[in-house]
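Chain by chain, the residues:
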Amino acid sequence: MWPVLIFSDSSERGASLADVIGALDHRICAEHTTDLGSLAHLARCRDPFLALVSTDNTPLALRAVGALRREQRDLAIVTEVSADHPLESLQALAVGASEYLKRPVAPWEWQQRARLLLELHRRQHALTSTLKRQCRLASRRPEHAVLTEALARADMLHDEVTGNHNRRTGRIAGIIATSLGLPQQQCRNIAFGAALHDIGKIGIPDQVLHKPSRYDDDDRKVMRAHPRIGYEILKDGGTEVLQLGAEIALTHHERYDGSGYPGGLAGDAIPLAGRITAVADVFDAITDGRHYRQSITPEQGYVHLRQYRGTSFDPDCVDALGTCLAEAARAKGE
Ligand SMILES: [Fe+2]
Ligand SMILES: [Fe+2]
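None of these values were measured; they are calculated from a predicted model.

About the criteria used
- Residues numbered from 1 in each chain as written.
- Chains lettered and ligands numbered in written order.
- Predicted model: local features only at pLDDT ≥ 70, side-chain atom pairs only at ≥ 80, totals over all residues.
- Helix = DSSP H or I, 4+ residues; strand = E, 2+ residues; numbered from the N terminus.
- Buried ≥ 20, exposed ≤ 12 C-beta atoms within 10 Å, placed from the backbone.
- Contact = placed C-beta atoms within 7 Å.
- Axes fitted to C-alpha atoms, helices over the stretch in contact; angles between N-to-C directions.
- Parallel < 35°, antiparallel > 145°, perpendicular 65-115°, else oblique.
- Nonpolar A, V, L, I, M, F, W, Y, C, P; charged D, E, K, R; others polar.
- Pairing = 2+ DSSP bridges.
- Right-handed = clockwise from strand over helix to strand, strands pointing away.
- Expected span 1.5 Å × (residues − 1).
- Arc of directions from axis to C-beta.
- pLDDT = per-residue confidence, 0-100.
- Left-handed = near helix turned anticlockwise from the far one by under 90°.

A look at the overall build of the protein chain
Turning to step 1, where the next piece is worked out: Each helix and strand in the protein chain was counted, giving 16 helices and five strands.
Turning to step 2, where the next piece is worked out: Relative to its full complement of 334 residues, the protein chain shows a buried share of 37%.
Turning to step 3, where the next piece is worked out: Partitioning the contacts of the protein chain with sequence separation of at least 6, the portion at a separation of at least 24 is 62%.

Pasting the structure below:
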């Protein structure tokens, strides 16, 4: 309910004003009083958004306005003043009125003024609710979400192509993890961690990272440092997700048959999150269009990956991608 307080030295006048204002909206609860003591008490207890002071006795009106203002700093207060004494308007504002109306004040004038203030109140109410909701949501967001997003943004600033690739790979890795039937929280963590898998490219010199021609052996040696650089960046992150991110960064170029780098790990010696990300990483890269002259469709990309099922990639992870191919393809476009 939206409480409105009315002060008048005439009970009938107060009651009829309460009716006029109450007719504006069914949520308005208008109360009137002829007593200054009750007025202050009501202002304290009811927390009104609007108070109207309607009396021909200006000194009494000014005292009522003062009493209301002392109780409520943010309250909208409208009072009547004499049309013949301009000083009264200034006095009303000085003691705390928000606005004044000059006598005689017709019921429609009260109504019109109240309607405007009600609209303002509604908007303020909606804005406050939205802000509170957003603050609640922000406070519920896990710390690692904020951290990983900050790191991903840093990555984007450094190199937009890698940054976008990282984000898509994160989404696809999360989808593959879900398709493998892993617990929801683990899938979310893998998605966050995989979104940082190439963060180590921050440490690769621009002349290599952005080289327009093909990489030579020296370039490849430099590029192959990015898993370890990424691991070094993330390993002391202090949260479970950043630890997982470090593990993914280090192992996403390991290959199932042991032919990968930097550790030459094979099979289950490669952490599952690394095996999942390896599939997501290559799937995103080969269907990106920048790596091939002709763009490869997700279906063609999957057929290509299947050729390395059990050699480069964990067969279960490749199969899992096959069962969620449409979703993974959609995740690329998001
Ligand atoms: Fe990589
Ligand atoms: Fe990558």
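Some words on the packing of helix α11 (residues 226-234) against helix α12 (residues 240-251)
The angle between the axes and the distance between the axes are what describe a pair of packed helices.
Turning to step 1, where the next piece is worked out: At their nearest, the axes of α11 and α12 sit 7 Å apart, and the two run at 170° to each other. By the angle between their directions, the pair α11 and α12 is classed as roughly antiparallel. In contact with Pro 227, Arg 228, Gly 230, Tyr 231 and Leu 234 of α11, α12 contributes Leu 242, Gly 245, Ala 246, Ala 249 and Leu 250.
Turning to step 2, where the next piece is worked out: Split by residue class, the contact of α11 with α12 holds seven nonpolar, two polar and one charged.

A word on the pairing of strand β3 (residues 50-53)
Turning to step 1, where the next piece is worked out: The two faces of β3 match: Leu 50 and Leu 52 on one face and Ala 51 and Val 53 on the other face are all buried.
Turning to step 2, where the next piece is worked out: Bridge count between β3 and strand β4 (residues 76-81): four bridges; the pairing is parallel. Looking at β4, one finds that Val 53 is bridged to Thr 79.

Looking at the sheet that holds strand β5 (residues 99-102)
Turning to step 1, where the next piece is worked out: Overall, parallel pairing links the five strands, which are arranged β2-β1-β3-β4-β5 in an open sheet. Lying at the two open borders of the sheet, with one neighbouring strand each, are β2 (28-33) and β5. On average, each strand axis in the sheet is inclined to that of its neighbour by 20°, with strand direction left out of account.
Turning to step 2, where the next piece is worked out: Looking at chain direction, strand β1 (residues 2-7) and β3 are connected through four bridges and run parallel. Note that in β3 the partner of Leu 5 across the bridge is Ala 51.
Turning to step 3, where the next piece is worked out: Where helix α1 (residues 11-22) meets the sheet, its contacts fall on β1, β2 and β3, and the angle it forms with β2 comes to roughly 170°.
Turning to step 4, where the next piece is worked out: Set on the sheet, helix α3 (residues 58-71) makes contact with β1, β3 and β4; between it and β4 the angle comes to about 175°.

Points about the pairing of β2
Turning to step 1, where the next piece is worked out: Note: β1 against β2, six bridges, orientation parallel. Bridged to Ile 6 within β2 is His 32.
Turning to step 2, where the next piece is worked out: As a crossover connection, the stretch from β1 through α1 into β2 is right-handed.

Details of α1
Turning to step 1, where the next piece is worked out: Look at α1: 16 Å from first C-alpha to last across 12 residues, which is about the 16 Å you get at 1.5 Å a residue.
Turning to step 2, where the next piece is worked out: All of the buried residues in α1 are Gly 14, Leu 17, Ala 18 and Ile 21. Here the buried residues of α1 occupy an arc of 105° about the axis, which is enough to place them on one side. Of the residues in α1, the exposed ones pointing more than 90 degrees away from the buried face are Glu 12 and Asp 19.

So, the confidence of the model for the protein chain
Turning to step 1, where the next piece is worked out: Overall, the predicted model of the protein chain reaches an average pLDDT of 89, with 90% of residues at or above 70.
Turning to step 2, where the next piece is worked out: Highest mean pLDDT in the protein chain belongs to helix α15 (residues 315-323) (98); lowest belongs to helix α6 (residues 143-158) (66).

Section: the environment of Ile 270
Turning to step 1, where the next piece is worked out: When you line up the elements, Ile 270 lands in the loop between α12 and α13 (272-286).
Turning to step 2, where the next piece is worked out: Taking the C-alpha atoms as reference points, Ile 270 and Gly 258, 12 residues apart in sequence, are found 9.2 Å from one another.
Turning to step 3, where the next piece is worked out: Apart from the residues within four sequence positions on either side, Ile 270 is in contact with Thr 251, Glu 254, Leu 265 and Arg 275.

As for the packing of helix α14 (residues 298-306) against α15
Turning to step 1, where the next piece is worked out: α15 packs onto α14 with a crossing angle of 160° between their chain directions and a minimal axis gap of 10 Å. By the angle between their directions, the pair α14 and α15 is classed as roughly antiparallel. Relative to α15, the crossing made by α14 is left-handed. Judged by residue contacts, Tyr 302, Leu 305 and Arg 306 of α14 engage Val 318, Leu 321 and Gly 322 from α15.
Turning to step 2, where the next piece is worked out: Across the contact of α14 with α15, the residue classes break down as four nonpolar, one polar and one charged.

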